[in-house]
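Spelled out from the first residue to the last, the chains are:
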Amino acid sequence: MFKTQIDMPEATRTKVIKVLNGRVADAVDLQTQMKQAHWNVKGPHFIGLHELFDKVYHAVEEYVDQIAERSIQLGGSVNATARDVAKNSKLREYPHDIADGVKHVEAVTTALATFGKEVRDSIDDTLKLGDADTSDLFTDISRDVDKWRWFVEAHIQAKG
Ligand SMILES: [Fe+2]
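Source: prediction; values computed, not measured.

Trainee: Looking at this model, I keep getting lost on a negative patch on the surface. Mind explaining?
Mentor: A surface patch of like charges, here negative, comprises Glu61, Glu62, Asp65 and Glu69. Within the secondary structure layout, Glu62 lies in helix α2 (residues 46-73). In this structure Glu62 comes out as partly exposed when scored by relative accessible area, which is 44%.

Trainee: Would you take a moment to explain the packing of aromatic side chains for this structure?
Mentor: Two aromatic rings are characterised by how far apart their centres lie and by the angle between their planes. For the structure on display, the rule yields 2 aromatic pairs. Ring plane angle 85° and centroid distance 5.5 Å describe the contact between Trp148 and Phe151, whose orientation is recorded as edge-to-face. One end of the pair is Trp148 and the other is Phe151, both in helix α5 (residues 132-153) and 3 residues apart, which spans about a single turn. You can call Phe151 partly exposed: its relative accessible area is 34%. In textbook terms, an aromatic cluster arises when at least three aromatic residues are bridged by ring pairs, as seen for Trp148, Trp150 and Phe151. In this structure, Lys35 is placed above the aromatic ring of Tyr57, and the distance from its NZ or CZ to the ring centre is 4.5 Å. Over the ring of Trp148 we find Lys147; its NZ or CZ atom is 4.2 Å from the centre of that ring.

What counts and how
Residues numbered from 1 in each chain as written. Predicted model: local features only at pLDDT ≥ 70, side-chain atom pairs only at ≥ 80, totals over all residues. Heavy atoms only, no water. Patch = residues over 30% accessible without salt bridge, like charges linked within 9 Å, V, L, I, M, F, W, Y side chains within 5 Å. Areas by Shrake-Rupley, 256 points an atom, 1.4 Å probe, with all protein chains shown as cover. Salt bridge = Lys/Arg side-chain N within 4 Å of Asp/Glu carboxyl O. Lys, Arg positive; Asp, Glu negative; His and termini not counted. Charge placed at Lys NZ, Arg CZ, Asp CG, Glu CD. Helix = DSSP H or I, 4+ residues; strand = E, 2+ residues; numbered from the N terminus. Buried < 20%, exposed > 50% of the residue type's maximum accessible area, 1.4 Å probe, protein only. Phe/Tyr/Trp six-rings, centres within 6.5 Å; stacked < 30°, edge-to-face > 60°. Lys NZ or Arg CZ within 6 Å of the ring centre and 35° of its normal.

Okay, structure coming up:
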């Protein structure tokens, strides 16, 4: 922990930073999974999915920065190299043996839903810890992730 004049007890900040850094790991993992989907998808809806997965990637890139920098603002530090992320992410590994658009839609939906759940849990966790600002950041991200999950999942929802 670094010294800071912020008006929040160190004990609170330590716990909030732990939550934040957990979501950094998830978000960096999600980023790489979106590129995996962007590159490997094939099939009749190729171009739409290829472009959509890249848009999600760029959105997630923003979340990574916002979450990581919140940790720093609270006096913490962030470790999010590929090795750190592989150890700490709550996401399931992205399937490597798929090409078909529907399979990628299912896999990306699962990744976004998992991340969405973790972020939603973090809204409550950080609010209970007394950090409404971090909770609000997670609320923003959560709403955005729900939108991306919808954009992707809608491809396989037509039959109800
Ligand atoms: Fe590309």
